[in-house]
Amino acid sequence: MTPPPKLHIPGPVEVNERTLRAFRSPIIGHRSEDFRRLYGGIQPGLQRLFATERPVFLSTSSAWGVMEGALRNLARGTALCCMCGAFSDKWLDVARRCGLEAEPLQVPWGLSVLPEQVDSRLASGRYDLVTLVHNETSTGVMNPLADIMTLKARYPDVLFVVDAVSSFSAVPTPFDELGIDVLLTGSQKALALPPGLSLFVVSPAALERAESIAGRGYYFDFLEFQKNAERNMTPSTPSIGHLYALRSKLEEIFEEGLPARYCRHRQLAESTWRWAEDREFALYPDSSCRSLTLTCVDNGAREAGRRVDPDRFRELVRQEGVLIDGGYGRIKGVTFRLSHMGDETPESMTRLYLALDKALSRL
Ligand SMILES: *Cc1c(COP(=O)(O)O)cnc(C)c1O
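Quick caveat: nothing in here was measured; it's all calculated off a predicted structure. (Residues numbered from 1 in each chain as written. Predicted model: local features only at pLDDT ≥ 70, side-chain atom pairs only at ≥ 80, totals over all residues. Heavy atoms only, no water.)

Enquirer: Whenever I open this one, helix α3 (residues 63–74) confuses me. Can you help?
Expert: Since the α-helix turns once every 3.6 residues, residues separated by three or four places project in the same direction. For α3, spanning 12 residues, the distance from its first C-alpha to its last is 16 Å, which sits close to the expected 16 Å at 1.5 Å a residue. Those residues of α3 not exposed but buried are Ala63, Gly65, Val66, Met67, Gly69, Ala70, Leu71, Asn73 and Leu74. (Helix = DSSP H or I, 4+ residues; strand = E, 2+ residues; numbered from the N terminus. Expected span 1.5 Å × (residues − 1). Buried < 20%, exposed > 50% of the residue type's maximum accessible area, 1.4 Å probe, protein only.)

Take a look at the structure:
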């Protein structure tokens, strides 16, 4: 049997041996003292990573569980969904499927959402919740989170829900300082953990809003998470392996150091843009808002740059032992995406570039 390919898709990403070893630790009871020590022991590291004094909640679900949960816990009036790609567009769809009032703020794919656009919509006074995807994984666009969050001061009663699923821990997203109300991420993207766990922080204002909302259900009830977190527990039986893996990952992250981690992600992004541009590919996102965790290469979406047969290219790369992504949503086939989040290094990226070059030479 040939070994599975090295993952360079934007999630799930490659999980290293050290993390997998931790993931395989013996299972303990989730109401035991050992569990509470494990849960409590990882909180300080998580709080450092989220830059918050609030508890960090752990949900055994993929990120969509908490995303839907945020809507069900917090949407009262009308939500404004900032949309610039498949994942941010999906927020509107999910809100409406939950029977909630939601409206789009749509910007063209490839561009970021701008603070003035959000401002002019919030000025209407119609909205009490904003959803924002920090890093739009489908288009490779990173939105100006800090600039958009300055609006919180002008609209203190609006709750800002931020999906940082594909950027969290690769770039700073300081929860307390920015005044975010819900910041959520998944395990299988920049944290390079196995899929199946979500991490999130909720502001006091958001918890207060949740108290006034009926029909929050149980599994994703933010108030249940808060109550249990106060005793170092989760509302239901969590994926315990994930907590061990997370503990191991936090050790790794702080061994490297946060500034070095952020710097590494920027360097890997820049070297990937160079790889593409040196081979006459255009990049899909506008140069003002390129993601630092994945590169979305234009492969015919616009009238610019080189074009390759997407299926054949991906297959040739696959024959070099690497899996890349052939585009997502309505830009499938006319873009391809290269992930550089998680544990990637200049050396591992060089191996990716070699595989891509070999595939290009065989096209
Ligand atoms: C991957 C991703 C999601 C969905 O995460 P799941 O873990 O599949 O639920 C949501 N938002 C963004 C920006 C993503 O990249």
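Enquirer: Any chance you could explain the site of the ligand here in plain terms?
Expert: Around the ligand sit 13 residues in total, of which Ser62, Thr137, Asp163, Gln188 and Lys189 are the nearest. Within the backbone of Ala63, an N or O atom sits 3.1 Å from an oxygen atom of the ligand. Asp163 places a polar side-chain atom, nitrogen or oxygen, 2.7 Å from a nitrogen atom of the ligand. Here the ligand has 380 Å² of accessible area as a free molecule, and 90% of this is covered by the chains. The element contributing the most residues to the shell around the ligand is α3, with 3 residues. In terms of residue class, the shell around the ligand is made up of 6 nonpolar, 5 polar and 2 charged. (Near = heavy atom within 4 Å. Polar contact = N/O pair within 3.5 Å; in protein donor to acceptor, adjacent residues only side chain to side chain. Areas by Shrake-Rupley, 256 points an atom, 1.4 Å probe, with all protein chains shown as cover. Nonpolar A, V, L, I, M, F, W, Y, C, P; charged D, E, K, R; others polar.)

Enquirer: Before we go on, may I ask you to explain the packing of aromatic side chains in this structure?
Expert: Two descriptors summarise a pair of aromatic rings, namely the distance from one centre to the other and the angle between the planes of the rings. Tallying each qualifying case throughout the model produces 12 aromatic pairs. Ring geometry for Phe87 against Tyr328: centres 4.9 Å apart, planes inclined by 20°, an arrangement best described as stacked. Residue Phe87 is found in helix α4 (residues 86–97), and its partner Tyr328 is found in the loop between β13 (322–323) and β14 (335–339); the two are separated by 241 residues along the sequence. When its relative accessible area of 16% is taken as the criterion, Phe87 is described as buried. You can call Tyr328 partly exposed: its relative accessible area is 35%. Consider the rings of Phe200 and Phe222, whose centres lie 5.1 Å apart with planes at 45°: the pair is tilted. (Phe/Tyr/Trp six-rings, centres within 6.5 Å; stacked < 30°, edge-to-face > 60°.)

Enquirer: Before we go on, may I ask you to explain helix α10 (residues 240–256) in this structure?
Expert: Taking 1.5 Å per residue as the helical rise, α10 with its 17 residues ought to reach 24 Å, and the 25 Å between its terminal C-alpha atoms agrees with that figure. Counting buried residues in α10 gives 12 out of 17 residues, a clear majority hidden from the surface. Looking at the residues trailing α10, positive phi occurs at Gly257, about 95°.

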